[in-house]
Amino acid sequence: MFAGTLTKTTDTANAVYTGMIHSSRFDIAIQLETRPKMSERSPDFDVTAVNKSGRKVRIGTAWNETGNTTGNPYLSMQLDVGLGPFRVNAVQSKEAREAQTDQFEIIPLVSNGTMKSGSISGELTAMDADNAFTGYIANMMFDLEFMLIENGYKTEETHPDYRIEVSSPKGTPIRVGSAWMAKSVRTGNEYVSLLINTPDGDLRVNAVQNEEQRGGQTFSIIPFVDNGEREQGEGAGLSLVA
């Protein structure tokens, strides 16, 4: 559950990029500083931050990368702030690239596997404006209130229709997953397929409507069950460009 922003600084600055990274537990200011490359695949940058004692510490490394399908440049980062290593990418939206800005958005890359949904409760409600949803998902171990925000990075059919966001302690939106509008091949009913990133792995759930809810704005979140049926419009995982 990570999000953030990066801004490219002047070429002569010690920090090539500055920004923030957020989770539901912290908000940390970071810098990307150029480091000597030992090989072609060695990191291009050290990622640094200032700890509570005021000391600058290295919390990770970053690489300049190029998308295989899009050809767009992005930054791949591996970070560790004391909770174990995690991977994120810093990418630009289509609008940011067209405007030639130096602004990047930090998004999660992959998680550490798929967790079983088990006993899950939750609800999703369509909002009247902005093509968005609000909802919650909970079990005995966690309770998340979230929003589904339309995915402005969607350029292919398999890309998510929405990104799932929660808030950091300071109120910064954090992307924790993806969602797809889908239609059951068997029943023809529309539903929402959600993939939520947790520290224990990717959690797959569906938001469906029962007979009483159908045609309204409220969906019930239920565990995902793989019955071998391929459903239309459903994505396979967290997308790099989402």
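The structure this text deals with has already been given above.
The rules behind the values
Here, residues in each chain are numbered from 1, in the same order as that chain's written sequence. Whole-chain, interface and lining totals are the exception, using all residues; otherwise, since this is a predicted model, local features are given only for residues with pLDDT of at least 70 and side-chain atom pairs are given and counted only at 80 or more. Hydrogens and waters are ignored; side-chain quantities use all the structure's heavy atoms. With a 1.4 Å probe rolled over the protein chains alone, any residue whose accessible area is under 20% of its type maximum counts as buried; one over 50% counts as exposed, and the rest are partly exposed. We count a stretch as a helix when DSSP gives it H or I for four or more residues in a row; a strand needs E for two or more, and each element gets its number in order from the N terminus. Any two strands with at least two DSSP bridges between them are considered paired. Salt bridges are counted wherever a side-chain nitrogen of Lys or Arg sits within 4 Å of a carboxyl oxygen of Asp or Glu. The criterion is simple. A nonpolar core is a set of buried Ala, Val, Leu, Ile, Met, Phe, Trp, Tyr and Cys residues joined through side-chain atoms within 4.5 Å. Any two residues having at least one pair of non-hydrogen atoms within 4.5 Å are treated as being in contact.

Draft legend 1. Structural context of the pairing of strand β8 (residues 103-108). When you tally the buried positions in β8, you get 5 out of 6 residues, the bulk of the element. Across 4 bridges, the pairing between strand β7 (residues 86-91) and β8 is antiparallel. If you follow Asn 89 over to β8, its bridge partner there is Ile 107.

Draft legend 2. Fine view of the pattern of salt bridges. Across all of its chains, the model carries 7 salt bridges by this definition. With a shortest N-O distance of 4.0 Å, Asp 46 and Arg 58 are connected by a salt bridge. Highlighted residues: Asp 46 in strand β4 (residues 45-50) and Arg 58 in strand β5 (residues 56-66), separated in sequence by 12 residues. When its relative accessible area of 55% is taken as the criterion, Arg 58 is described as exposed. Salt bridges here are not isolated pairs; linked through shared partners, they connect Arg 35, Asp 46 and Arg 58.

Draft legend 3. How the structure looks around the nonpolar core. Residues Leu 124, Ile 137, Phe 146, Leu 148, Ile 164, Val 192 and Leu 194 are the most contacted members of the largest nonpolar core, which totals 24 residues. Within the residue set of this core, elements represented by two or more residues are β10 (121-126), β11 (133-138), β12 (143-150), β13 (162-167), β14 (173-183), β15 (190-198), β16 (201-208) and β17 (218-223).

Draft legend 4. Broad picture of the environment of Ala 179. If you trace the backbone, Ala 179 turns up in strand β14. With 18 residues separating them along the chain, Ala 179 and Asp 161 place their C-alpha atoms 6.0 Å apart. For Ala 179, the contacting residues outside a window of four places in its chain are Leu 148, Pro 160, Asp 161, Tyr 162, Ile 164, Val 192, Ser 193 and Leu 194.

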